[in-house]
Amino acid sequence: QVHLVESGGGLVQAGGSLRLSCTASGRTFSSYSMGWFRQAPGKEREFVATISWSGTYYADSLKGRFTISRDNAKDTVYLQMNSLKPEDTAVYYCAAASRTYGLVLSHEYDYWGQGTQVTVSS
């Protein structure tokens, strides 16, 4: 079992930055692929980014603005978000997967955090 807790969300003006954190407890963090997803009101949950032993991968629309990273010594994965836009407003979730391929679909992940709200004002 892996327990994930996100933090770092909040209200930011358009053009600003936020860094989300997701700290894991339970099984060996370094053995899991990690991902970030987001869900805006009235929309389906969508893939943001993932990081695994093979590297990082991003949703095409977010490349260049968002950066995923991890610190295995701290059991934490981060999402640095720059040049934020109002359309980035959503609840952001981190997730852990035991698999190392795919990782862009929700069902490929085994554990989820409770989410953190990010609101970008215009």
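Data block above holds the structure.
Residues numbered from 1 in each chain as written. Predicted model: local features only at pLDDT ≥ 70, side-chain atom pairs only at ≥ 80, totals over all residues. Heavy atoms only, no water.

### Some thoughts on the overall build of the protein chain
(1) Moving on: Along the backbone of the protein chain there are 0 helices and 11 strands.
(2) Moving on: Its helices and strands taken in sequence order, the protein chain reads β-β-β-β-β-β-β-β-β-β-β from the N to the C terminus.
(3) Moving on: Scaling as 2.2 N^0.38, a compact globule of 122 residues should have a C-alpha radius of gyration of about 14 Å, and the protein chain matches this with 13 Å.
(4) Moving on: Its C-alpha atoms give the protein chain principal-axis dimensions of roughly 40 × 25 × 25 Å.
(5) Moving on: Of the contacts formed within the protein chain by residues at least 6 apart in sequence, a portion of 60% connects residues at least 24 apart. (Helix = DSSP H or I, 4+ residues; strand = E, 2+ residues; numbered from the N terminus. Rg over C-alpha atoms; globule rule 2.2 N^0.38 Å. Contact = heavy atoms within 4.5 Å.)

### Quick word on the pairing of strand E9 (residues 90–97)
(1) Moving on: For E9, a buried count of 7 out of 8 residues is recorded, marking the element as mostly surrounded by other parts of the structure.
(2) Moving on: Note: strand E4 (residues 33–39) against E9, 7 bridges, orientation antiparallel. Following the sheet pairing, Ser33 is matched in E9 by Ala97.
(3) Moving on: The sheet contact formed by E9 and strand E11 (residues 116–121) spans 3 bridges and is antiparallel. Its bridge partner lying in E11, Ala90 is registered against Val118.
(4) Moving on: Bridge analysis of E9 against strand E10 (residues 111–112) gives 2 bridges, and the strand direction is antiparallel. Along E10, the bridge assignment pairs Ala95 with Trp112. (Buried < 20%, exposed > 50% of the residue type's maximum accessible area, 1.4 Å probe, protein only. Pairing = 2+ DSSP bridges.)

### A closer look at the state of the cysteines
(1) Moving on: What the rule picks out here adds up to 1 disulfide.
(2) Moving on: A sulfur-sulfur separation of 1.9 Å characterises the disulfide bridge that pairs Cys22 with Cys94. With the S-S bond torsion at 40 degrees, the cross-link from Cys22 to Cys94 turns out right-handed. Pair noted here: Cys22 is in strand E3 (residues 18–26) and Cys94 is in strand E9, with a separation of 72 residues, a long-range link.
(3) Moving on: Among the residues examined, Cys94 registers a relative accessible area of 0% and is labelled buried. (Disulfide = S-S within 2.5 Å.)

### Side note on the pattern of salt bridges
(1) Moving on: Scanning all chains against the criterion turns up 5 salt bridges.
(2) Moving on: Across the pair Arg65 and Asp88 runs a salt bridge whose closest N-O atoms are separated by 2.8 Å. Highlighted residues: Arg65 in the loop between strand E6 (55–58) and strand E7 (66–71) and Asp88 in the loop between strand E8 (76–81) and E9, separated in sequence by 23 residues.
(3) Moving on: Under the relative-accessibility criterion, Arg65 is labelled buried at 12%. (Salt bridge = Lys/Arg side-chain N within 4 Å of Asp/Glu carboxyl O.)

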